[in-house]
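Observations on chain architecture
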Amino acid sequence: MGETKYIFVTGGVASSLGKGIISSSIGKLLQARGYSVTIQKFDPYINIDPGTLNPYEHGECYVTVDGHEADLDLGHYERFLGIETTKANNITTGRIYKSVIDKERRGDYLGKTIQIIPHITDEIKRNVKLLGNKNQFDFVITEIGGTVGDIESLPYLESIRQLKWELGKNALCVHLTYVPYLAAAGELKTKPTQHSVKELQSVGIQPDILVLRTEHELSAGLRKKVALFCNVDEKSVVQSIDASTIYEVPLLMQQQELDETILKKMDLPVGKTPELGAWRSFLDRREKAEETEPVKIALVGKYDLQDAYKSIREALSQAGTYNDRKVDVIFVDSEKLTDENAAETLKDMAGIMIGPGFGQRGIEGKFVALKYARTQDVPTFGICLGMQCMAIEFARNVLGYSDANSREMDAKTTHNVIDIMEEQKAITNMGGTMRLGAYECTLTPGSKSYEAYGKELIKERHRHRYEFNNEYKDKYEAAGMKCTGINPESGLVEIVEIPALKWFVGTQFHPEYSSTVLNPHPLFLSFVKAAINQ
Ligand code: GLN
């Protein structure tokens, strides 16, 4: 393996253009050529991590195997590349500053005045190189959150400028911009792109490759014009046109030989274009599946925002493809669900997904949905808070503890079926008061979960504070709700199931984080299959 190469992905003109998808697609194409690749994201906000952010602000909080609460773009990286990311793959301005300030307090800077340049920029550069240093990756792709021109982005851009200078051919910058279409004029406009590139140039960065987001095909003439005005060769002006699925983007990039252009610019051999066979088969299968009659899955939760349940939606959609059916995820606002409207709202649903979450808001609607699902025997999947709600609903309506609750929702309940547990303290890798990251779980042979995984020992990611209260375990099991997944170290309950029903499974962990395009998650596959067959 040669020296690690660094690719920086910046964005201009507007946010939400899909830098994460472009970074993932570039990563995918390089990986298909046999290179080891990782992708990291820098977020220019002051929070230490997105763990404390409301999903309405920033979409779902993704969790890495090593227990880091991360930006949802890391989910794209993992789904596209099938890699595992870590804490080093997502860094915020808050973390950069905290680290510098901690060093200052320790006296590491020996009386120096601490400044953005060089101290903050050095810390940014250290975090970029951290992934490359151990020589474990051929390529480190670094996505810079935000838009060029934002005050917050400046230290990152300055760091890229320095790194490009230091690393020469081993670094390049891909800049993603937007080409709007003016319907009245019937024209695509390149001026915002030109301005955005100027903005980058004004901080000393000449982008090497431009990716232009567009809703209409870009002509050769237009690409030529952009190339001329922005100091790049024509081949390095690539279009990113709207696609029917984000998973098509790597192929669209490959058609324009973006990977080849990158390799040439970095003095690497080009060789044969990879087939991407498995990826293409997935897309073919997906195309056929999308033409079938949709199977409707209710997603019961409180955040009416696509990105708030990003990984769950992706995992369901992937599971649909692998079951050769289109999945329609229908968001059901748990705050609006009542015993009176439950049957009407849920009657057409082939499956019900009870989402994760924090706090009291919308919780009663989850019990309503679960009572309906349990009594009507609709395939149901509860994740994290969804699993806890399964246990609470069962305690209230089957075990007869009408005030059963989680300590999170009712500190005074006499039936604390979900609580903070003593056993939790036995677990060493605690992030604050939360159980975060991957933990082992032993499955009961013969259970739905065991059938799905096809093995006894699994490892899944967690993000929660409360646990199933083991004092009630025997009562649950006697009444028909089985604890089919147990943490071998602590004895904590990780999965509950009602075997008498068609498919009624709740997991304390988050399986959605580890479902990837080429390795869909077994529980999602099994759940969607049950929904189809019901
Ligand atoms: N609020 C619950 C807990 O902290 C569940 C968290 C979640 O769904 N991720 O235990």
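Look above for the structure.
Residues numbered from 1 in each chain as written. Predicted model: local features only at pLDDT ≥ 70, side-chain atom pairs only at ≥ 80, totals over all residues. Heavy atoms only, no water.

Digging into the overall build of the protein chain
Counting its secondary structure elements, the protein chain contains 18 helices and 23 strands. Its C-alpha atoms give the protein chain a radius of gyration of 25 Å, near enough to 24 Å, the size a compact globule of 534 residues would have. On the principal axes, the C-alpha backbone points of the protein chain span a range of 75 × 60 × 45 Å. Across the 534 residues in the protein chain, those meeting the buried criterion constitute 58%. Within the protein chain, residue pairs in contact and separated by at least 24 positions form 72% of the contacts whose partners lie at least 6 positions apart. Accessible surface for the protein chain amounts to roughly 21,800 Å². Of this, 50% is attributable to carbon and sulfur atoms. Averaging the coordinates of the 63 positive side-chain charges in the protein chain and doing the same for the 73 negative ones gives two points 3 Å apart. (Helix = DSSP H or I, 4+ residues; strand = E, 2+ residues; numbered from the N terminus. Rg over C-alpha atoms; globule rule 2.2 N^0.38 Å. Buried < 20%, exposed > 50% of the residue type's maximum accessible area, 1.4 Å probe, protein only. Contact = heavy atoms within 4.5 Å. Areas by Shrake-Rupley, 256 points an atom, 1.4 Å probe, with all protein chains shown as cover. Lys, Arg positive; Asp, Glu negative; His and termini not counted. Charge placed at Lys NZ, Arg CZ, Asp CG, Glu CD.)

Some remarks on the state of the cysteines
Within this structure, the stated rule accounts for zero disulfides. Lacking any disulfide linkage, Cys173 is separated from the closest cysteine sulfur, that of Cys230, by 12 Å. Residue classification places Cys173 among the buried residues on the basis of a relative accessible area of 0%. Given the relative accessible area of 0%, Cys230 is considered buried. (Disulfide = S-S within 2.5 Å.)

Considerations on the site of the ligand
Lining the immediate environment of the ligand, one finds Pro356, Gly357, Phe358, Cys384, Leu385, Gln388, Glu408, Arg463, His464, Arg465, Tyr466 and His510. One of the backbone nitrogen or oxygen atoms of Leu385 is found 2.9 Å away from an oxygen atom of the ligand. Arg465 places a main-chain nitrogen or oxygen 2.9 Å from an oxygen atom of the ligand. Within the complex, 99% of the 300 Å² of free accessible area of the ligand lies under protein. Within the residue set of the shell around the ligand, elements represented by two or more residues are helix H15 (385–397) and strand E19 (457–464). (Near = heavy atom within 4 Å. Polar contact = N/O pair within 3.5 Å; in protein donor to acceptor, adjacent residues only side chain to side chain.)

A few points about the pattern of salt bridges
A complete count under the given rule lists 34 salt bridges for this structure. Between Glu104 and Arg105 there is a salt bridge, and its shortest N-O distance comes to 2.7 Å. Using a relative accessible area of 66% as the deciding quantity, one classes Arg105 as exposed. Close ionic contact of Asp108 with Arg106 constitutes a salt bridge, the shortest N to O distance being 2.8 Å. The exposure class assigned to Asp108 is partly exposed, which follows from its relative accessible area of 39%. Given a relative accessible area of 58%, Arg106 falls into the exposed group. Salt bridges sharing partners connect three or more residues here, namely Lys41, Asp43, Asp71, Asp73 and Glu143. (Salt bridge = Lys/Arg side-chain N within 4 Å of Asp/Glu carboxyl O.)

Things to note about the packing of aromatic side chains
Under the defined criterion, the tally for this structure stands at 18 aromatic pairs. Arranged with centres 5.4 Å apart and planes meeting at 75 degrees, the rings of Tyr56 and Tyr303 form a pair that is edge-to-face. Of the two residues, Tyr56 is situated in helix H2 (residues 55–58) and Tyr303 in the loop between strand E12 (295–301) and helix H12 (310–322); the sequence distance between them amounts to 247 residues. Each ring, one from Tyr303 and one from Tyr309, has its centre 6.1 Å from the other, and the planes form 45 degrees; the classification is tilted. Residue classification places Tyr309 among the buried positions, given a relative accessible area of 2%. A cation over an aromatic ring shows up here: Arg435 above the ring of Tyr439, its NZ or CZ 5.0 Å from the ring centre. (Phe/Tyr/Trp six-rings, centres within 6.5 Å; stacked < 30°, edge-to-face > 60°. Lys NZ or Arg CZ within 6 Å of the ring centre and 35° of its normal.)

Considerations on the pairing of strand E2 (residues 37–43)
The buried fraction of E2 amounts to seven of the seven residues, a majority that puts the element mostly inside the structure. Of the two faces of E2, the one lined by Val37, Ile39, Lys41 and Asp43 and the one lined by Thr38, Gln40 and Phe42 are each fully buried. By the bridge criterion, six bridges tie E2 to strand E6 (residues 139–144) in an arrangement that is parallel. Bridge assignment links Gln40 to a residue of E6, and that residue is Thr142. Pairing analysis gives three bridges linking E2 to strand E5 (residues 90–92), with the strands arranged parallel. Residue pairing for E5: Phe42 is matched across the bridge by Ile91. (Pairing = 2+ DSSP bridges.)

Looking at helix H10 (residues 258–265)
Counting buried positions along H10 yields six of eight residues, so the element is predominantly enclosed. All buried positions along H10 are accounted for by Leu258, Asp259, Glu260, Thr261, Ile262 and Leu263. Residue Asp267 follows H10 closely and has a positive phi angle near 60 degrees.

Examining the environment of Lys482
Mapping Lys482 onto the fold places it in strand E21 (residues 482–486). Take Lys482: its relative accessible area is 33%, and that puts it in the partly exposed class. When near neighbours in sequence (up to four residues on either side) are disregarded, Lys482 contacts Glu477, Ile495, Val496, Glu497 and Pro499. One polar contact links the side chain of Lys482 to the main-chain carbonyl oxygen of Glu477, over a distance of 3.1 Å.

Considering helix H3 (residues 73–81)
Where burial is concerned, most of H3 is hidden: nine out of the nine residues are buried. Considered for burial, the residues of H3 that qualify are Asp73, Leu74, Gly75, His76, Tyr77, Glu78, Arg79, Phe80 and Leu81. Taken from the residues just after H3, Gly82 is the one with a positive phi, measuring 65 degrees.

Focus on the sheet that holds E5
Read from one edge of the open sheet, seven strands run E5-E2-E6-E1-E7-E10-E11, paired in parallel fashion. If you trace the sheet from one side to the other, it starts and ends with E5 and strand E11 (237–241), each paired once. On average, each strand axis in the sheet is tilted by 20 degrees relative to the strand beside it, whichever way the strands run. Here five bridges tie strand E1 (residues 5–11) to E6, and the two strands are oriented parallel to one another. Looking at the pairing, Lys5 lines up with Phe139 of E6. Packed onto the sheet, helix H5 (residues 116–133) meets E1, E2, E5 and E6 and runs at close to 165 degrees relative to E2. (Axes fitted to C-alpha atoms, helices over the stretch in contact; angles between N-to-C directions.)

Quick notes on the pairing of E19
With six of eight residues buried, E19 is to be regarded as a mostly interior element. Where strand E18 (residues 434–443) meets E19, eight bridges bridge the pair, whose relative direction is antiparallel. Following the sheet pairing, Ala438 is matched in E19 by Arg461.

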